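Coordinates in review
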Amino acid sequence: MSLPPQADEQPLMRPYDLGSVRLRNRIVMAPMTRARAANAELAPMALHGEYYRQRAGAGLIVTEGTWISTDAIGAVNVPGLYSEAQVQGWAAVTEAVHAEGGAVFAQLAHTGSSSHPDFRGGELPVAPSAVNPGGKVFTPGSGFTDTVTPRALTADDIAGIVEQYRTAAANALRAGFDGVEVHAQRGYLIAQFLNPALNLRTDGYGGSAGNRARFLFEVLDAVTGVCGPHRVGIKFAPHQAISTDHVSPEILAGHAYVAERLNDHPLAYLHLMMTRRPNETVTPEQRVESLAQFRPLYRGTLIANASLDQNTGNALIDEGLADLISYGQPFIANPDLPARFAGGLPLSEPDRDTFYQGGANGYTDYPAADRLADGIVGGVK
């Protein structure tokens with residue numbers, strides 16, 4: 001195995017101008033649900049501030065998905081950005097990150113049909129159409145339980161959700177975030193509109209690729225109207241599998257349409273998830289296939305995400321296939337990931353049993369490499 005180049009030779013370690021934000025390096029901490037907002041307000045706590053502060057060496061942090069309203073909730077102990085308590089909680093987080101010289105965007109999310117009546121006072125989740133997405137959802141009252149057939153949104157409902165995105169974006173700015181990322185990846189509401197198997201509408205929000213993308217662009221118009229386009233990114237996952245071996249060609253074509261149209265919106269970035277299904281390892285061939293398709297379509301800043309290590313991240317930037325590289329799980333056990341990359345240091349392995357369990361264990365107690373060198377903890381590979 002070849003050793004990584006020295007810090008001054010690594011594309012990952014070069015600074016980057018992201019709209020109005022100057023990034024110290026090209027390493028992005030990807031959004032990851034960690035389920036630590038264990039309070040009635042679903043507000044970030046001091047624990048969140050410490051978690052993100054420890055990882056502020058990233059060029060950019062994108063937070064876990066945050067709910068834009070109570071109707072958007074679809075997971076346990078995930079924070080929101082719709083109440084004053086949540087805004088104040090996030091303000092402490094952004095202050096901690098900025099004190100370390102970092103930059104941080106809030107990811108805005110709505111689960112749509114991937115929710116459950118347990119989160120909604122017994123009312124059905126909402127979606128573009130009354131189609132059960134299938135799968136399981138974890139709720140406080142029922143544990144893992146089957147999804148249900150949602151209620152189809154009316155045009156007025158859709159307009160109301162767009163306003164919720166607008167309000168959440170304004171709240172993000174009040175909380176001190178440098179920008180926001182719109183969650184449009186698989187399983188959640190915007191992706192449900194883009195999916196012809198889940199969007200059976202016959203009005204202006206369904207049918208053609210352009211109609212299915214209408215909701216997404218209305219959300220972007222609302223959010224950029226608040227933040228300015230250079231403080232808004234979008235994350236999507238076009239390679240949604242319809243079987244073990246095949247990606248849905250309609251979904252892929254719909255995302256290609258979106259990528260090209262995004263050139264008319266001078267956003268901060270497009271965050272491209274390359275996996276076909278959650279937690280899948282992306283092969284080098286799949287990675288090249290994905291970037292070879294979407295890099296020519298989108299002329300703005302492209303963030304590559306999924307199954308990338310230090311060497312592949314450097315190579316993708318060097319080859320011009322991506323501008324920034326985002327890492328998820330490596331940041332869990334390596335709060336100082338950029339420093340480890342810069343110094344060619346080994347990485348610690350995360351404990352999957354603590355990903356969502358709550359509390360500091362497996363969240364803020366992973367030490368930096370200098371503490372590992374002092375023999376405080378093991379677990380280095």
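Bear in mind the structure is a predicted one, so any value in this text is a computation, not a measurement.

1. So, helix 1 (residues 46-54)
By the burial criterion, the buried members of helix 1 are His-48, Gly-49, Tyr-51, Tyr-52 and Gln-54. Considering only its buried residues, helix 1 is in contact with strand 3 (27-29), strand 4 (60-67) and helix 2 (84-99).

2. Some thoughts on the nonpolar core
One finds Phe-215, Val-223 and Leu-262 to be the most contacted residues of the largest nonpolar core, which totals 93 residues. Contact partners of Phe-215, with chain neighbours within four places excluded, come to Ile-158, Ile-161, Val-162, Tyr-165, Leu-189, Ile-190, Phe-193 and Tyr-205.

3. Some points on the pattern of salt bridges
Throughout the structure, instances matching the rule amount to 12 salt bridges. Arg-53 is the salt-bridge partner of Glu-50, the closest N and O atoms lying 2.9 Å from each other. Of this pair, Glu-50 and Arg-53 both sit in helix 1, three residues apart, roughly one helical turn. Of the charged contacts in the structure, one is a salt bridge between Arg-53 and Glu-100, with a shortest N-O distance of 3.3 Å. Taken together, the positions of Arg-53 in helix 1 and Glu-100 in the loop between helix 2 and strand 5 (104-109) put the pair 47 residues apart, joining distant regions of the chain. Judged by relative accessible area, which is 30%, Arg-53 ranks as partly exposed. In this structure, a network of salt bridges that share partners links the residues Glu-50, Arg-53 and Glu-100.

4. Section: the packing of aromatic side chains
Taken as a whole and assessed by the stated rule, the structure comprises 13 aromatic pairs. Ring geometry for Phe-355 versus Tyr-356: centroids 6.2 Å apart, planes at 90 degrees, classification edge-to-face. Of the residues examined, Phe-355 reaches a relative accessible area of 5% and is grouped as buried. An aromatic cluster of three or more residues is present, and its members are Tyr-51, Tyr-52, Trp-90, Phe-177 and Tyr-363. Sitting above the plane of the Tyr-205 ring, Arg-214 keeps its charged end 4.1 Å from the centroid. Above the ring of Phe-217, the side-chain terminus of Arg-261 is found at 3.8 Å from the ring centroid.

5. Points about the packing of helix 3 (residues 155-174) against helix 6 (residues 214-227)
One way to put it is that helix 3 packs onto helix 6 with a least axis distance of 8 Å and a crossing angle of 30 degrees. Taken together, helix 3 and helix 6 sit at an angle that is classed as roughly parallel. The hand of the helix 3/helix 6 crossing is right-handed. Each of Ile-158, Ile-161, Val-162, Tyr-165, Arg-166, Ala-169, Ala-170 and Leu-173 in helix 3 lies in contact with helix 6, whose residues at this interface are Phe-215, Glu-218, Val-219, Ala-222, Val-223, Val-226 and Cys-227. Among the residues making up the contact of helix 3 with helix 6, the classes are represented as 13 nonpolar, no polar and two charged.

6. What to know about helix 9 (residues 310-318)
For helix 9, the complete set of buried residues consists of Gln-310, Gly-313, Asn-314, Leu-316 and Ile-317. For helix 9, the angular spread of the buried residues around the axis is 165 degrees, confining them to a single face. Taken together, the buried residues of helix 9 touch helix 8 (284-297), strand 13 (302-305), strand 14 (324-327) and helix 11 (337-343). With a side-chain oxygen positioned 3.2 Å from the backbone nitrogen of Asn-311, the residue opening helix 9 is Asp-309. A positive phi of about 80 degrees marks Gly-320, the residue just after helix 9.

7. Structural notes on the side chain of Arg-34
With respect to the secondary-structure elements, Arg-34 resides in the loop between strand 3 and helix 1. The buried charged residue Arg-34 lacks any salt bridge partner; its closest oppositely charged side chain belongs to Glu-64, at an N-O distance of 7.6 Å. The residues touching Arg-34, leaving out its near neighbours within four places in the chain, are Tyr-51, Glu-64, Ile-332, Thr-354, Phe-355, Tyr-356, Gly-362 and Tyr-363.

8. Brief notes about the environment of Ala-213
Summarising the element assignment, Ala-213 is placed in the loop between helix 5 (209-212) and helix 6. Sequence-wise, Ala-213 and Asn-195 are 18 residues apart; in three dimensions their C-alpha atoms are separated by 9.5 Å. Those residues within four positions of Ala-213 in sequence are excluded, and the remaining contacts are Leu-194, Tyr-257 and Val-258.

9. Topic: the confidence of the model for the chain
Mean pLDDT over the chain works out to 92, with 94% of the residues at or above the 70 mark. Predicted confidence for residues 375-381 stays below pLDDT 50, and this span has 14 contacts to residues more than four positions away or in other chains.

10. Things to note about the sheet that holds strand 5
The eight strands lie next to each other as 3-4-5-10-11-12-13-14, forming a closed barrel whose pairing is parallel. Each strand of the sheet is rotated relative to its neighbour by a mean of 25 degrees, with strand direction disregarded. Here strand 10 (residues 179-183) pairs with strand 11 (residues 232-236) via four bridges, running parallel. Bridge assignment links Val-182 to a residue of strand 11, and that residue is Ile-234. The strands touched by helix 9 are strand 13 and strand 14; relative to strand 14, the strand with the most contacts, the crossing angle is about 155 degrees.

Definitions and limits used
- Residues numbered from 1 in each chain as written.
- Predicted model: local features only at pLDDT ≥ 70, side-chain atom pairs only at ≥ 80, totals over all residues.
- Heavy atoms only, no water.
- Buried < 20%, exposed > 50% of the residue type's maximum accessible area, 1.4 Å probe, protein only.
- Helix = DSSP H or I, 4+ residues; strand = E, 2+ residues; numbered from the N terminus.
- Contact = heavy atoms within 4.5 Å.
- Core = buried A, V, L, I, M, F, W, Y, C linked by side-chain atoms within 4.5 Å.
- Salt bridge = Lys/Arg side-chain N within 4 Å of Asp/Glu carboxyl O.
- Phe/Tyr/Trp six-rings, centres within 6.5 Å; stacked < 30°, edge-to-face > 60°.
- Lys NZ or Arg CZ within 6 Å of the ring centre and 35° of its normal.
- Axes fitted to C-alpha atoms, helices over the stretch in contact; angles between N-to-C directions.
- Parallel < 35°, antiparallel > 145°, perpendicular 65-115°, else oblique.
- Left-handed = near helix turned anticlockwise from the far one by under 90°.
- Nonpolar A, V, L, I, M, F, W, Y, C, P; charged D, E, K, R; others polar.
- Arc of directions from axis to C-beta.
- Polar contact = N/O pair within 3.5 Å; in protein donor to acceptor, adjacent residues only side chain to side chain.
- Lys, Arg positive; Asp, Glu negative; His and termini not counted.
- pLDDT = per-residue confidence, 0-100.
- Pairing = 2+ DSSP bridges.

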